[in-house]
Amino acid sequence: MAFTFAQKVLARKADLSHVVPGQIVTVRPDKLLTHDNTAAIARKFARIGVQHLADPAISVVVLDHVVPAANETTARNHKEIRAFVRQQGITAFYDVGEGICHQVLPEKGHAWPGALIVGSDSHTTTHGAFGAFSVGIGRTEAAAVMATGEIWLRVPQSLRIVINGSLPPSLSAKDVILHIIGDLGADGADYRSVEFSGETVRDMSIASRMVLCNMAAEMGAKNGVVLPDGKTRRWLQDRVHLPYVEVHPDADGAYERVIQYDVTALAPQVARPHRVDNVVGVTEVVGTRIDQALIGTCTNGRLEDLQVAAEILRGRHIAPGVRLLVLPASREVLLGALQSGVIADLVSAGATVLNPGCGPCLGAHQGCMAPGEVTISTANRNFKGRMGCKEAEIYLASPATAAASALAGAIADPREA
Amino acid sequence: MERMKSKLVGCVWKYGDDVNTDVIFPGKYTYSISDPKEMAQHALEDLDPDFVKNVRPGDIIVAGRNFGCGSSREQAVVCLKEAGVGAIVAKSFARIYFRNCINQGLPIAQCDAADSVEAGEELTIDFAAGEVTTPRAEHPFPPLSPEVMDILAAGGLIPYVQKKLEGDDKREREADSA
């Protein structure tokens, strides 16, 4: 019999010879990721009535959503989390300043091929870029995993998305995934496991593959995955110290659909308000006035993203009246950007560099919007109210498009920047 | 937590496709509000400001495709449940939202009832028969798997896990004394 990636990982984790789509399996995750919601999860854990975590070694806790604390309420939240982590003996705890959970988790060696990762954040799909089966869950079930070490999962149907062709200059993985989401729709992969493959994906850096898997959540996918290759192994070499067994699907596995894309002639893509699948080529929105540009988040806050922006902005200055916010995804990314001069380029061009973290992406602090304002953002969501104001508008784009737009004061085509 | 009833009758609030978690419960409140009653005061705030003013216990939300897409935030389920919503009927659910409903003990049914009912009308969900009845049509819906029904029947994941762990303890004690 031939199986998909999802079937193979879940069968192995459930200790079954094979599993079929639709089957419910009980599995023991290798890692449980939680962030600023850890205090709320800890309170649910306490309600279950268990004293100690079933396995503190699987817990990875990263403070990233509102860091540093914005007020007394969020400071109390962080304090409660630090106490819980100490009390339960969780060693994989990353405090304010380390970065966004989806960047820190792999950097610190908690993601590897074939791993089963669950996280109380919808963008947990990101870790599929390392060949892991990585899925978002809710708070209550995160508490149940803490108590029991187990979770139920439904074996998903699988889609194969095959991407071929070399990306034109000024384009990146963000343009590719926005184009795919625009084509398939916000529920185009609902409950499905999505396997990304093809020569374009092979040519992508690990950081770019993370963009694809991160945004798989925006078409409803349960998980996204890029199968491991030499690049993956090299990236993980000094980070993961346990032996792992890669999981690869069978060539003739039962896929619900195989969808082909050729990106050779793709234009830069932009998602218009207020839907991630409301995608058009940049030329259709060029000239739309902006108040703010945001480069960062778990989607596009990595070194290659900041480098692309710096190349466009070096020696120039952003338009008057525009705020450019830059949030490196982690301390490691920030250090790389400092050492390579990228931060100096961005700051000289007028950028406001913020600490590693989620920043204004969820509308809690550090760059929320006012009524009538427009932001072009490299984040993954542009829902109404997302950045704190329901009368504001968010356009989603690549770091190159966001940087070119900050220069112009309006949405601009990065191919002409 | 209250046990699940096999038949629910309620008044309909109707919405479209892709109702996302940011309009159900805005992200700006996720780390400032932790009391479920306070969460309820912001339910659907950015989609339908009249909802909170007029919702009554047992009302049913009927929607199109991909209900609850977006964030994993469970508050987007809790706020509706605390506001009095008795069940959600949608053409499809985003997967984490689906799980959060089960885990919070909020009954859901997946069918096309939105095609045959208007806001303010009455609708019946029969979980035993797997059928939603509107004033104009009957819509069968797929039964939830036995594993998922067990969680819903227990009133949510926390009571379910409590019961399961008690069972494990009991079996261990029996094994020890045997």
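Note that the structure is predicted; figures quoted are calculated from it, not measured.

### Topic: the overall build of chain A
- Within chain A, the regular secondary structure consists of 14 helices and 18 strands.
- Its C-alpha radius of gyration of 21 Å places chain A within 12% of the 22 Å reference for a compact globule of 417 residues.
- In terms of its C-alpha atoms, chain A occupies a principal-axis envelope of roughly 60 × 55 × 40 Å.
- Considering only intrachain contacts with a sequence separation of at least 6, the fraction spanning at least 24 residues in chain A is 76%.
- Looking at chain A as shown, the accessible area adds up to about 13,700 Å², and 49% of this sits on carbon and sulfur atoms.

### Quick look at helix α8 (residues 206–216) of chain A
- With 11 of 11 residues buried, α8 of chain A is to be regarded as a mostly interior element.
- Of all the positions in α8 of chain A, only I206, A207, S208, R209, M210, V211, L212, C213, N214, M215 and A216 of chain A are classed as buried.

### So, unusual backbone geometry
All names here are of chain A.
- Residue V67 is joined to P68 through a cis peptide bond whose omega torsion reads -15°.
- On the secondary structure map, P68 appears in the loop between β3 (59–62) and α3 (72–88).
- Phi is positive for S170, close to 75°, though the residue is something other than glycine.
- Its location among the elements puts S170 in the loop between β8 (158–164) and α6 (173–184).

### Some remarks on the packing of aromatic side chains
Residues and elements named next belong to chain B.
- By the definition in use, this model includes 10 aromatic pairs over all chains.
- Taking 6.3 Å as the distance between ring centres and 75° as the angle between the ring planes, the aromatic pair formed by F67 and F93 counts as edge-to-face. With a gap of 26 residues between them, F67 in the loop between β2 (60–63) and α4 (75–83) and F93 in the loop between β3 (87–90) and α5 (95–104) connect regions that are remote in the sequence. We note that F67, like F93, is buried.

### Some words on a negative patch on the surface
- Together, E166, D169, E172 and D176 of chain B give the surface a local cluster of negative charge.
- In this fold, E172 of chain B is placed in helix α7 (residues 157–177).

### Focus: the sheet that holds strand β1 (residues 7–14) of chain B
All names here are of chain B.
- Taken together, seven strands build an open sheet; the order of strands is β4-β3-β2-β1-β5-β6-β7 and the sheet is mixed. Two strands in the sheet have a free side with no partner beyond their single neighbour: β4 (108–110) and β7 (138–140). Averaged over neighbouring strand pairs, the angle between their axes works out to 25° when direction is ignored.
- In terms of strand pairing, strand β5 (residues 122–126) meets strand β6 (residues 131–133) through three bridges, oriented antiparallel. When the bridges of β6 are listed, I125 appears paired with V132.

What counts, and at which threshold
- Residues numbered from 1 in each chain as written.
- Chains lettered and ligands numbered in written order.
- Predicted model: local features only at pLDDT ≥ 70, side-chain atom pairs only at ≥ 80, totals over all residues.
- Heavy atoms only, no water.
- Helix = DSSP H or I, 4+ residues; strand = E, 2+ residues; numbered from the N terminus.
- Rg over C-alpha atoms; globule rule 2.2 N^0.38 Å.
- Contact = heavy atoms within 4.5 Å.
- Areas by Shrake-Rupley, 256 points an atom, 1.4 Å probe, with all protein chains shown as cover.
- Buried < 20%, exposed > 50% of the residue type's maximum accessible area, 1.4 Å probe, protein only.
- Phe/Tyr/Trp six-rings, centres within 6.5 Å; stacked < 30°, edge-to-face > 60°.
- Patch = residues over 30% accessible without salt bridge, like charges linked within 9 Å, V, L, I, M, F, W, Y side chains within 5 Å.
- Salt bridge = Lys/Arg side-chain N within 4 Å of Asp/Glu carboxyl O.
- Lys, Arg positive; Asp, Glu negative; His and termini not counted.
- Charge placed at Lys NZ, Arg CZ, Asp CG, Glu CD.
- Pairing = 2+ DSSP bridges.
- Axes fitted to C-alpha atoms, helices over the stretch in contact; angles between N-to-C directions.

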